[in-house]
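Inside the fold
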Amino acid sequence: MAAAEELTLLEKLLGLRRGNKYSAQGDRQIPVLQTNNGPSLTGLATIAAHLVKQANKEHLLGSTAEEKAVVQQWLEYRVTRIDGHSSKEDIRTMLKDLNSYLEDKVYLTGNNFTLADILLYYGLHRFIVDLTFQEKEKYLNVSRWFSHIQHYPGIRQHLSNVVFIKNRLYTNTH
Amino acid sequence: MQLFVSDGAPGNLPVLAAAGRAGARGKLLISTVGPEERVVPFLTRPKLPVLKLDSDRYLFSTSAICRYFFLLSGWEQDDLTNQWLEWETTELQPALSVALYNLVVQGKKGEDVLSPVRRALIHIDHSLSRRSCPFLVGDSESLADIVLWGALYPLLQDPTYLPDELAALQTWFRTLSVQEPCQQAVESVLKKQGILAFRSYLQKQPQPSVPLERPVSNEPEEDELPAHTLSEEEIVIAVTIWEQGLEALPTLRPRQNPVLPVAGERNVLITSALPYVNNVPHLGNIIGCVLSADVFARYSRLRQWNTLYLCGTDEYGTATETKAMEEGLTPQQICDKYHTIHASIYRWFNISFDFFGRTTTPLQTKITQDIFQRLLSRGFLLKDTVEQLRCERCARFLADRFVEGICPFCGYEEARGDQCDKCGKLINAIELKKPQCKICRESPVVKSSQHLFLDLPKLEKRLEEWLGRTLASSDWTPNARFITRSWLRDGLKPRCITRDLKWGTPVPLEGFQDKVFYVWFDATIGYLSITANYTDQWERWWKNPDQVELYQFMAKDNVPFHSVVFPCSALGAEDNYTLVSHLIATEYLNYEDGKFSKSRGVGVFGDMAQNTGIPSDIWRFYLLYVRPEGQDSSFSWTDLMLKNNSELLNNLGNFINRAGMFVCKFFGGCVPKMTLTPDDQRLLAHITLELHQYHQLLEKVRIRDALRCILTISRHGNQYIQVNEPWKRIKGNEADRLRAGTVTGVAVNMAALLSIMLQPYMPTVSTTIQTQLQLPPAACAVLPTNFPCFLPAGHQIGIVSPLFQKLENDQIESLKKRFGGGQLEDSLELKVIIFPRAVKRDNCKHVSMWGGIIYALGKNDSFILPEAKVSKAEAPTEIANPEQIKLLTDAVTKQGNIVRELKAQKADKAQVTAEVAKLLELKQQLALAEGKPLEASKGKKKK
C-alpha cells in the first residue's frame, strides 16, 4: 500500500473531510504533504501525527509523557524496521519480537488505543495476510492484537479481512 | 528510571546530552552493560542505550529516549521536530552507520567515509541556511538539534568531514558542541580517546548494509530560491539597455594568431586532461574534460577574454607498448593511429581547441628533462633500490598488473601484483607466491633496480603555502578541494618518477639510460610542451603566473596529479611556473545506471556517436544537461529522447521557430515596430536577471546549471507568446496589430539572445539560428551582460526552418540494443532479482585518462591506482551482503533436498536433470555472491 493511500485511509478514519493531496519523494516514495499555512511536511509518521492533531484527536498520540514517547517509538519502529526490512528473516524477527512484546498488552502502549496501533496495523497488513495458519498460531499475541485492531470501527476500510482461527490447530508447536 | 548504556555506543551521546539539556540527568540511574547484553526482554537483537522506566516499560529507541526527557521538562511535540527525528532515523542513521563503520572499524578515510553521508549533510546545511536562525527548529537549541548533533558528533568532530562548503552546518555544529550538556556528554562517552572510543562497540555490531542507493539523479539538486521580486530600478535599467540596441555592445577585439597573453587583459589558459592514446574515448571521458573545457573556452571567448584552449593525447607508457604488441605495430604507429582517431572524434564534437597536440615530441623531452635537472640540482630527488619482478622471456620488468600469483594473505590463486581481489589486501608484487607473467605465463625473477623518487615531503611546505593562497579565492570544485586536502592530511610520501620501460621520455642521468620517466611525472608537463609546439613563445603562458589564469578540467580521479604532484615539481624547479588557478573536476557519468565498458561493448564511444544519426549538437546538449557536476549522473537513452523532445523540440526549438515564423508570416520577414508595455518591460527585466544568473554560474564554471537558464528564458518566451496570442491579434484592429508586432519583435530578439547564450553549448544550432535571423556578425561574437535590442524594427531576417527533429521511440530502442543498454539492463535486472542489495555502484565509471601505474616508497600507499580500479570494477566479484548469501544458501539446501528426493524416488530422468540444472545455477549464484570464482567442473564431478 502506498503511503499516500495509507494516509487517505487514516484521514477517513479520523473523520477529516477535506482530503489532502500527497506527493511522493525519492525512490522510497516518502510521502510529502503540502500544508496551506506553512512549509510542506515529509514522512509518514510526521504527517500522520499532524493529521491526528488536525482532527483534534490528540489522545491518539498518548496522554502522558511516557505514553507519548512510547507511541513515537513504535511509529519509528514502523518506518524503520517494518518499512525498511530487507529479508524474510527480518520479518520473522520482527514478528517474534512483537509477539513477545504483546504478550501482556492489549494495545501497543498497554491499555489505550493509539496512532501506533493504527500505523502498525496498516504496515503489517501485507505480511499478516500471507501468514499460514501455523504461523499465525506461532505469533499468537500478534494475531490476537491484529484481529482486535482490524475489527476496530473504521480502521480496516477496503483492506482484506484476515481470518484467524480461534481454536488451536497445531498444539505441539508451542 | 534506569539508563542502560554500553561503552562506546554512539547512541549514548544524544541520550546523555538530551538528559543534560532537559534536566533529567539527576533522575537517572546509569548502568553500564556489555555491548551484546539483551536488556530489553522482548527484543531478539541487543539494542543500546535503553531506558527502563519506573513502570517497567522500555524505551529502546535513542530518539524516543531523548524525546521522553524533553517531554518530562514540559516541552510540547511539534511537526517540524517530528519531521527531523523521522528523517534522522530513516535517512541519516542508515547513511551514518555505513560512514562510521568504514571510518572506525575498517579504518577507511576520505571519500569512503564522506560519500555515504554527503547528501544528508547537504540536506541539513541547506535547511539551516534557509532559516534565519542557527537552529533546526525554533530559535534556540531543542530536541531536534540535540538528536542530530549527537548522531553526527562521532563523524564531524574530525573537521575533515565537515567541509568548508557547508558553512551553515559548520556553524550549527560548533555552536552546539560548546554547549555544556553536549560537552559533558562528549567527555563521558569519548573519554578523551576520540573516535577510537567507538571502536570496540562498533566491531561487535553487524556490518551495516549499504542503504539502497537512490538512482543517480539527472535532475538538479532542489534549490528552492525564493521568487525574486523585481524592483522598479531593475526594470528601468533593463529598458534603458534594451533601447541602446547594438550600441550597448562592447567593441570586438580581434583574435590574434598565435594567442598570447596581453598585459592588462584577462588572459585565460584552459587545458583539458590529456586523453590516453590507446583508448577510444567514451561519452564519460568526453563530458569529463574536453567538452566541459570547450564550453568554458567558448564562453570565455564570448566574454572577449583572451583565451587559449589546449589539449592533446598522452602517448607514453606501458599501456601503449602492450597495445602495440597486440596490434603488431610499433608504439609510435599506435600513437599516430590513435591520435588521429581522437582528433577526428573531437572535431566531430565541435571541440574548439586552439591546438590539439601530443606528448611524444622533442619539446616534451626537452622541457621534462629541464624540469628534472632543476629538481635534481636543487636536491628534490632521491635514489633508491626497488625490488621488482622481471620476466626474462619477455625481457621486461613487470608492472603490477602484468603479474599474477597466489595471495600471501588468503591463498587466493589469481591475486594481482598490487591487490588481492578476494581479501582486498594490498600486496607488494614480490610477496606473491608462484608469480606468473600475465603475458607469457613464465615465472618472473626478483631483480633489483635503481629508481629516482620525487621528494614530496620536502616540498610539502611550499605546496601548502601555494594552496593556501590559491584556494582562498578560486573556483576549485568541492571534490578537487577534498581530494587534495585528504592527500595532504595523510602526509606526502616520496614518489617514484622512473620506470624500466622503453616507451617514454629518456632519463638524462648516468646509470639511468635504459629507463624512462614515469607517465604521471611527464604527462602533466605535456600541457607545456603542447603549448610549445603551438608557439615558441610558450613561456609567456607558462612562466607568467601574474598575468595568466589557468583553468584545468578533468574527472576527479586526475585531481592529485594536478593539485599535488605537478605543482610540487613546478615549485621545486623554481622557474616561476604558472600553476593552476581553478581546478574543475567532474564526478562520474554512468551508462544506463551501469558503467561504460569497452571490453563488454557497453556504452557509447566517441566514434560510434557519429553513426547514430543524432547530430553532435544534440549529444553535446544532452551530455552537458546531465554533466556530473557535484554528483554522479547517468546517460540514458530514454532520457536523451525525452530531453530532446521536451526541452529542445517543444521548448527551445518551438519558441525560436515561432518567433521567426511570425516575423516571416505576418510582417514579411521584417522585424516590426515595438512599443513596450509595462508587462513587456517586466519581461525584459526577468530575462536580464536570468542572463545575470547565467553569467554568474558560468564564471564559477557551473556549466550544467547555466544551461538551465537558457531553457528558462525560452520557457518565458513560450508563455509570453501563448498569453499574447499574436496570431489572433494580427487579424484584429489597429491596436491589436501593433500589439502583435511588439510581441513578435520582443520574441525574435529573445531568440537572438538565446542564440548567443547557446553558442558554448550547441555551436552549430547557434550558428543556424543566427543565419536564420541574420544577426549582425558583431553581435554573434560577444555575449553582453545585459539584454539589448539586437534586431531593431526594420531588420530583415532570413529563411526560418525548424531546428530540431523528434527522436522516435523505436529509433531509441534500436540504439539501446546496439550499444548494450538493453543487454546491460537485462543483466542488471537479473542481479537485482538475485541480490536486491548487491548492485553496488562502483566508483570507477571510466578508464583513467592517465595511463601508468604508480608505486611509492611508502608501503601503505593510500593512492588508488586508476587502472587497478578499472580491472577490479570489471571483475565479476561483487560480494553480496550476508543476508543474501544466507538466502541463497537456504535455496541451495532446499533445491539439494528436492534433487535427492527425486533421485531416491527414481523419478523421470528429464525431471531430475532439470532440477539438477536449477541446483547448479543456484550454486553459481551463491559462489558469485560470496565472491568465489566460478567452478563449472564441480557440478560435473558430482554426477
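Heads up: the structure comes first, above all this text.
Sequence order sets the numbering: in each chain, residues are counted from 1 along the sequence as written. Think of it this way: whatever chain is written first is A, whatever ligand is written first is 1, and the rest follow in order. Per-residue local features are limited, in this predicted model, to residues with pLDDT of at least 70; the limit for side-chain atom pairs, both in listing and counting, is 80 or more; totals at the level of whole chains, interfaces and linings are taken over all residues. Heavy atoms throughout the structure, all of them, feed into the side-chain values; hydrogens and water do not.

1. Considerations on the overall build of chain A
The helix count covers DSSP runs of H or I at least four residues long, the strand count covers runs of E at least two residues long, and both are numbered beginning at the N terminus. Within chain A, the regular secondary structure consists of 7 helices and 3 strands. Helices (α) and strands (β) of chain A occur, in sequence order from the N terminus, as α-β-β-β-α-α-α-α-α-α. Burial status across chain A gives 53% buried among its 174 residues. The contacts in chain A between residues at least 6 apart in sequence include a share of 65% that link residues at least 24 apart. Only protein chains enter the calculation, and the probe is 1.4 Å; a residue is then buried if its accessible area is under 20% of its type maximum, exposed if over 50%, and partly exposed in between. For this analysis, residues touch if any pair of their heavy atoms sits within 4.5 Å.

2. Observations concerning the overall build of chain B
Counting its secondary structure elements, chain B contains 34 helices and 20 strands. Within chain B, buried positions represent 58% of all 943 residues. Taking contacts inside chain B between residues at least 6 apart in sequence as the whole, the part at least 24 apart equals 77%. To be clear on the numbers: accessible area is Shrake-Rupley with a 1.4 Å probe, and residue cover counts the displayed protein chains and nothing else. A total of about 39200 Å² of accessible surface is found on chain B, and carbon and sulfur atoms cover 52% of it.

3. Some remarks on the side chain of B:Ser292
All names here are of chain B. Looking at where serine 292 falls in the secondary structure, it is placed in helix 10 (residues 283–302). Among the residues examined, serine 292 registers a relative accessible area of 0% and is labelled buried. Aside from chain neighbours lying at most four places away, what touches serine 292 is Ile286, Ile287, Phe553, Thr586, Arg627 and Ile703.

4. Describing helix 21 (residues 616–625) of chain B
The buried fraction of helix 21 of chain B is high, at 10 of 10 residues. The set of residues buried in helix 21 of chain B consists of B:Ser616, B:Asp617, B:Ile618, B:Trp619, B:Arg620, B:Phe621, B:Tyr622, B:Leu623, B:Leu624 and B:Tyr625.

5. A closer look at the sheet that holds strand 11 (residues 415–416) of chain B
Residue and element names in this part refer to chain B. Pairing between strands is defined by DSSP: at least two bridges between them are needed. Here we have 3 strands laid out as an open sheet, ordered 11-10-12, and antiparallel in their pairing. In this open sheet, the two strands that pair with only one neighbour each are strand 11 and strand 12 (433–437). Relative to strand 12, strand 10 (residues 403–406) is paired through 3 bridges, and the arrangement is antiparallel. In the sheet register, isoleucine 406 faces strand 12, and the bridge partner there is lysine 433.

6. Describing the interface of chain A and chain B
Between chain A and chain B, the contact holds 38 residues from the first and 34 residues from the second. Buried area counts how much accessible surface, traced with a 1.4 Å probe, disappears from two parts once they are put together, with both parts' losses summed. Summed over both partners, the interface of chain A with chain B buries about 3000 Å², with 49% contributed by carbon and sulfur atoms. Within this document, salt bridges are pairs made up of a side-chain nitrogen of Lys or Arg and a carboxyl oxygen of Asp or Glu, the two lying within 4 Å of each other. Counting across the interface, chain A meets chain B through 3 salt bridges. A salt bridge links B:Asp79 to A:Lys53; the shortest N-O distance between them is 3.3 Å. Any pair of N or O atoms that falls within 3.5 Å is considered a polar contact. Within protein, one atom must be able to donate a hydrogen and the other to accept it, and sequence-neighbouring residues count only if both atoms are side-chain atoms. In this assembly, chain A and chain B are joined by 21 residue pairs in polar contact (both at pLDDT 80 or more). In terms of residues, the side of chain A that touches chain B owes the most to one element, helix 3 (residues 65–82) of chain A, which gives 14 residues.

7. As for unusual backbone geometry
With the exception of glycine, most residues fall at negative phi, and the peptide bonds are largely trans. Residues and elements named next belong to chain B. In this chain, leucine 48 is followed by proline 49 through a cis amide linkage whose omega measures -5°. Relative to the helices and strands, proline 49 is located in the loop between strand 2 (29–32) and strand 3 (50–52). With an omega dihedral of -5°, the bond running from asparagine 257 to proline 258 counts as a cis peptide bond. Tracing the sequence through the fold places proline 258 in the loop between helix 9 (232–244) and strand 5 (267–272). The residue lysine 191 is not glycine, and still its phi comes out positive at about 45°. Note that lysine 191 resides in the loop between helix 7 (180–190) and helix 8 (199–203). One non-glycine residue, glutamate 574, lies in positive phi territory at about 50°. Tracing the sequence through the fold places glutamate 574 in the loop between helix 19 (559–573) and strand 18 (582–586).

8. Re the sheet that holds strand 3 (residues 41–42) of chain A
Residues and elements named next belong to chain A. Ordered in space as 1-2-3, the 3 strands form an open sheet in which the pairing is antiparallel. Unpaired on one side and paired on the other, strand 1 (22–25) and strand 3 mark the two borders of the sheet. Here strand 1 runs beside strand 2 (residues 30–33); their pairing, made up of 4 bridges, is antiparallel. The partner of alanine 24 across the bridge, within strand 2, is proline 31.

9. A closer look at the pairing of strand 5 of chain B
Residues and elements named next belong to chain B. With 6 of 6 residues buried, strand 5 is to be regarded as a mostly interior element. Here strand 5 shows two buried faces, one formed by Asn267, Leu269 and Thr271 and the other by Val268, Ile270 and Ser272. Examined bridge by bridge, strand 5 and strand 6 (residues 306–313) share 5 bridges and lie parallel to one another. From the neighbouring strand, asparagine 267 faces strand 6, where its bridge partner is asparagine 306. Of the strand pairs in this sheet, strand 5 and strand 17 (residues 548–555) are connected by 6 bridges, and their pairing is parallel. Bridge pairing in strand 17 links asparagine 267 to valine 548.

10. Describing helix 13 (residues 362–377) of chain B
All names here are of chain B. The terminal C-alpha atoms of helix 13, which comprises 16 residues, lie 22 Å apart, in line with the 22 Å expected from a rise of 1.5 Å per residue. Residues of helix 13 that are buried: Gln364, Thr365, Ile367, Thr368, Ile371, Phe372 and Leu375. Its buried side turned inward, helix 13 meets strand 8 (381–391), strand 13 (445–454), strand 16 (516–517), helix 16 (519–523), helix 17 (526–534) and helix 19. An expected span of 1.5 Å times one less than the residue number is assigned to each helix.

11. What about the nonpolar core?
Residues and elements named next belong to chain B. In this structure, Phe635, Trp637, Tyr694, Tyr761 and Phe790 are the most contacted members of the largest nonpolar core, which totals 180 residues. If one sorts the elements of this core by residue count, helix 10 sits on top with 12 residues. Those residues in contact with tyrosine 761 that sit more than four places away from it in its chain are Val295, Arg620, Leu624, Tyr694, Leu698, Ile703, Ala706, Leu707 and Ile710. In this structure, Val40, Phe69, Leu100 and Leu162 belong to the second largest nonpolar core, which totals 140 residues. To qualify as a nonpolar core, a set must consist of buried Ala, Val, Leu, Ile, Met, Phe, Trp, Tyr and Cys residues joined through side-chain atoms within 4.5 Å.

12. Quick notes on a nonpolar patch on the surface
Where nonpolar side chains cluster on the molecular surface, the patch consists of A:Phe133, A:Val163 and A:Ile165 and spans about 240 Å² of accessible area. When you line up the elements, A:Ile165 lands in the segment after helix 7 (140–150). Patch definition: residues above 30% relative accessible area lacking any salt bridge, with like charges linked at up to 9 Å and the nonpolar side chains Val, Leu, Ile, Met, Phe, Trp and Tyr linked at up to 5 Å.

13. A look at the packing of aromatic side chains
Classification of ring pairs rests on two measures: the distance between centres of Phe, Tyr or Trp rings, Trp counted by its six-membered ring, which must be within 6.5 Å, and the angle between planes, read as stacked under 30 degrees, edge-to-face over 60 and tilted in between. Applying the stated criterion to the full structure yields 45 aromatic pairs over all chains. Ring plane angle 40° and centroid distance 6.5 Å describe the contact between B:Phe296 and B:Tyr299, whose orientation is recorded as tilted. One end of the pair is B:Phe296 and the other is B:Tyr299, both in helix 10 and 3 residues apart, which spans about a single turn. Of the two residues examined, B:Phe296 and B:Tyr299, each falls in the buried class. Centroid distance B:Phe353 to B:Phe356: 5.0 Å. Interplanar angle 25°. Geometry classified as stacked. Overall, the relative accessible area of 17% leaves B:Phe353 in the buried class. Look at B:Phe356 and you get buried, because its relative accessible area is 17%. Through pairs of rings, three or more aromatic residues link up here, namely A:Trp74, A:Tyr77, A:Tyr101, B:Phe42, B:Tyr58 and B:Phe60. Here A:Lys105 stacks its cationic end above the ring of A:Tyr101, 4.1 Å away from the centre of that ring. Geometrically, a charge over a ring is one whose NZ (Lys) or CZ (Arg) sits within 6 Å of the ring centre while staying within 35 degrees of the ring normal. One cation-aromatic arrangement involves B:Arg708 over B:Tyr625; the distance from NZ or CZ to the ring centre is 3.9 Å.

14. Regarding the side chain of B:Asp632
Note on placement: B:Asp632 falls in the loop between helix 21 and strand 20 (633–635). In this structure the side chain of B:Asp632 is engaged in a polar contact, spanning 3.1 Å, whose partner is the backbone nitrogen of B:Tyr588.

15. Some words on the state of the cysteines
Disulfide: a pair of cysteine sulfur atoms within 2.5 Å of each other. Within the structure shown, the criterion is met by 0 disulfides over all chains. No disulfide involves B:Cys311; its sulfur sits 6.5 Å from that of B:Cys289, the nearest cysteine.

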